[in-house]
Structure formats: structure tokens, C-alpha cells
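# Fold and contact review
In case you want the letters, here they are:
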Amino acid sequence: MSIGAGFCLGEGSTVHIAHGLFATVIGDRVAVGRNAVVHACTVADDCAIEDDVVILDASVVGAGVLIEAGSTIYPRSTLEPGGRYAGSPAVRIGSISLEECRERVASIRAEAAVAAARQIRTEGRWGDDGRGAHFVADTAVVRGDLVLAPGAGVFFGCRFDAAAVTVGRNTNIQDNSVVTAPEGVVTIGDDTTIGHNVRMSACRVGSRSLVGIGAVLGEGTVVEDDVLVAAGTVTTYGQVLRSGWLWGSRPAKPLKPLDDARRSMLSETIGHYVAYGHAFRDAQRSLAARREGAG
């Protein structure tokens, strides 16, 4: 990963690579708004990436580009320099001058500074219970009951405000995902991945499934076993996503049956994130021990 000078990352946003496949390269004077994901892609200088944007693997964003709030850049897309892009999938809707784009970059930076100044750590963080069965990042925030099976991982910046959340064996909830169900229950099965910056209300997600980056699962959603939910997908109240399919769009609809390649990808992702969880848990414990020794 390479990030240039003057980079700004908004509250709840994620920059990530694709394990063993694609790096992330970000140029100078780039600003990313809130709850956005820049994933395994290349972003050139002087780009403004607004709130809730998702940029997916192997995409190339040219210099001086504005990506409007809520847009999804599909994998392997190319965004031409000086363009204004919007939608899901995002398309070019006009042009923007370098001066205008830099003004938008400055605006995003100012909004991020205000958010950082008012940020208060929520009480009631869930910590590692010492049994080594799971990983919960120190920066995760939990309100309500959180029950984790062995091998489960809750990664950095995740936020839970729910009556009860149950997470199955070897399931991972990736960075900056948010669960909001103060009077409801969320159940996630075994060997499932909840991607970066996913938002979930009271719902149920089955086993061996993947909920893609930036997806929104509405209240009462049921994701059955063996389902792939594409990045940026939005479900409606009480929607059932049937087993064995790739689902996508807003609102969600079945796109195509899962083939062997996609099923293999789901399985490989679990192995990577279980290993990440073990490594991060050990590093977190080591850091805590050093702090205690220094105190």
C-alpha cells in the first residue's frame, strides 16, 4: 500500500488491499469522506471521494476526479481524469475543473477535522476474554450482548448497538461495519464474511455467505446459507435472499447462481481473516503487555 502526501480519511472510512492480489496506491492531496471504502485500487492526485463511496478492486481513478456521495465504482473500472462520477455502478455525469475538485477536497478535509474534534469513545467496549477463542479489536465499540464463537473476528472500528448479536465459528466482521438494532437481534452463521463498512439492522445471515463491502441489510432481512451479496447492495424490509445465488442492486435481486469459482473465493476469504484475527490478537496482547510494563 502506498499513500501520498496530504491524504485525508473521513470518520468510519476504510482503505484496504486485496490479499495476495491487488495493492492500493493513492496519490497526493486525496480526500475521502465518511463511511467510504477505497479497496485494492489506484487513485491519482487531487481526487475528492465523498461520503459512502465504494471503490472496488483493480479500478483506476484518474487525477482530479470527483466521486459523488453514495456511488459504487465496480471492479476494474477506469475513471477518466477531470470527471464527475455518480451512481451504482458509477458513470460519468460531467466534468470538473482541477480548481473545483481541490475546493471539494478542502471541504472534505474541513468536515473530517470537525468530526475528529467531537469524537467521543463510546462506553462498554468488548474486550478479548483471554481464552484466545476469538479476536475483537480494541477500537471496536459494543453496546448490548455480543456472543462470539471460536475463531470469530470483529475488526477495527466496528460499532454495535443491538440487544443481542451472535457471531458463528470462524466468521469475520470487517473494519468499520455497523450493527444498529437497539431492540432487535442479529444472528450470523459459521464461516461467513461481513465486508468492510456494511450496515446491518436486526437480521439473520446464514453460514458460508459473504456480505460485500458497503452493503446495507434492512430490518428483517434473511440471508440464507451459501449466498454472495455484492458490494453496495441494499435490501428491503423483510427481504429473503435465497441460497445458492449472487445477489446485487438496490433493492437486492438475484443476479446469477454461484459457480465453483465464487464458492472457492468465499472459502478462501474465511481462511485469510481467521489468520488475520490470530495475528492481530497476538499483537494487541503484546502491546497491552508492553503498556502495563511501562506503567
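Notes on the structure follow. (Residues numbered from 1 in each chain as written. Predicted model: local features only at pLDDT ≥ 70, side-chain atom pairs only at ≥ 80, totals over all residues. Heavy atoms only, no water.)

## Describing helix 2 (residues 260-294)
- Here helix 2 spans 51 Å end to end across 35 residues, near enough to the 51 Å set by a 1.5 Å rise per residue.
- Inspection of helix 2 places L266, T269, I270, Y273, V274, G277, R281 and Q284 among the buried residues, and these make up the whole buried set. (Helix = DSSP H or I, 4+ residues; strand = E, 2+ residues; numbered from the N terminus. Expected span 1.5 Å × (residues − 1). Buried < 20%, exposed > 50% of the residue type's maximum accessible area, 1.4 Å probe, protein only.)

## Here we look at the pairing of strand 30 (residues 245-248)
- Pairing of strand 28 (residues 228-229) with strand 30, which is carried by 2 bridges, proceeds in the parallel orientation. Bridge pairing in strand 30 places V229 opposite W247.
- The pairing of strand 30 with strand 31 (residues 253-257) spans 4 bridges and is antiparallel. Each residue of the ladder has a partner; that of L246, found in strand 31, is K256. (Pairing = 2+ DSSP bridges.)

## Quick word on the packing of aromatic side chains
- Applying the stated criterion to the full structure yields 8 aromatic pairs.
- Plain terms: the ring middles of Y273 and Y276 are 5.0 Å apart, the flat faces sit at 90° to each other, and that makes the pair edge-to-face. Here the residue Y273 and the residue Y276 both occupy positions in helix 2, the gap between them amounting to 3 residues, near one helical turn.
- The rings of F135, F155, F156, Y273, Y276 and F280 are connected pair by pair, giving a single aromatic cluster. (Phe/Tyr/Trp six-rings, centres within 6.5 Å; stacked < 30°, edge-to-face > 60°.)

## Quick look at the sheet that holds strand 8 (residues 48-49)
- Strand order across the open sheet formed by 6 strands is 2-5-8-11-14-15, with mixed pairing between neighbours. Either end of the sheet is taken by a strand with one partner, and the two such strands are strand 2 (8-9) and strand 15 (90-95).
- Sheet topology note: the strand 8/strand 11 (residues 66-67) ladder contains 2 bridges and is parallel. Its bridge partner lying in strand 11, A48 is registered against L66.

## As for the side chain of T235
- Within the secondary structure, T235 sits in the loop between strand 28 and strand 29 (240-241).
- Of the polar contacts made by the side chain of T235, one reaches the side chain of T221; its length is 2.7 Å.
- Here T235 is in contact with V216, L217, G218, T221, L241 and A252, once residues within four sequence places are set aside. (Polar contact = N/O pair within 3.5 Å; in protein donor to acceptor, adjacent residues only side chain to side chain. Contact = heavy atoms within 4.5 Å.)

## Points about unusual backbone geometry
- For the bond running from S88 to P89, omega is 5°, close enough to zero to count as cis.
- Structurally, P89 can be placed in the loop between strand 14 (83-87) and strand 15.
- Following R250, the chain continues to P251 via a peptide bond in cis, the omega torsion being 5°.
- Turning to its location among the elements, P251 is positioned in the loop between strand 30 and strand 31.
- Non-glycine residue D52 carries a positive phi angle of around 65°.
- Looking at where D52 falls in the secondary structure, it is placed in the loop between strand 8 and strand 9 (54-55).

## Comments concerning the environment of V136
- Structurally, V136 is set in strand 16 (residues 135-136).
- Using a relative accessible area of 1% as the deciding quantity, one classes V136 as buried.
- On a C-alpha basis, the gap between V136 and R102 in space is 38 Å, while along the polypeptide they are 34 residues apart.

## A word on the nonpolar core
- Counting 32 residues, the largest nonpolar core has F160, M200 and V205 as its most contacted members.
- For this core, the elements supplying multiple residues, two or more each, are strand 17 (141-148), strand 19 (159-167) and strand 21 (178-188).
- For V205, the contacting residues outside a window of four places in its chain are T187, I188, G189, T192, I194, M200, V211, L217 and V223.
- Ranked by size, the runner-up nonpolar core spans 19 residues in total, among them V30, C47, V65 and I67. (Core = buried A, V, L, I, M, F, W, Y, C linked by side-chain atoms within 4.5 Å.)

## Observations regarding the sheet that holds strand 1 (residues 2-3)
- As summarised here, the arrangement of the 5 strands in space is 1-4-7-10-13, forming an open sheet in which the pairing is parallel. Two strands close off the open sheet at either side, each with one partner strand: strand 1 and strand 13 (78-79).

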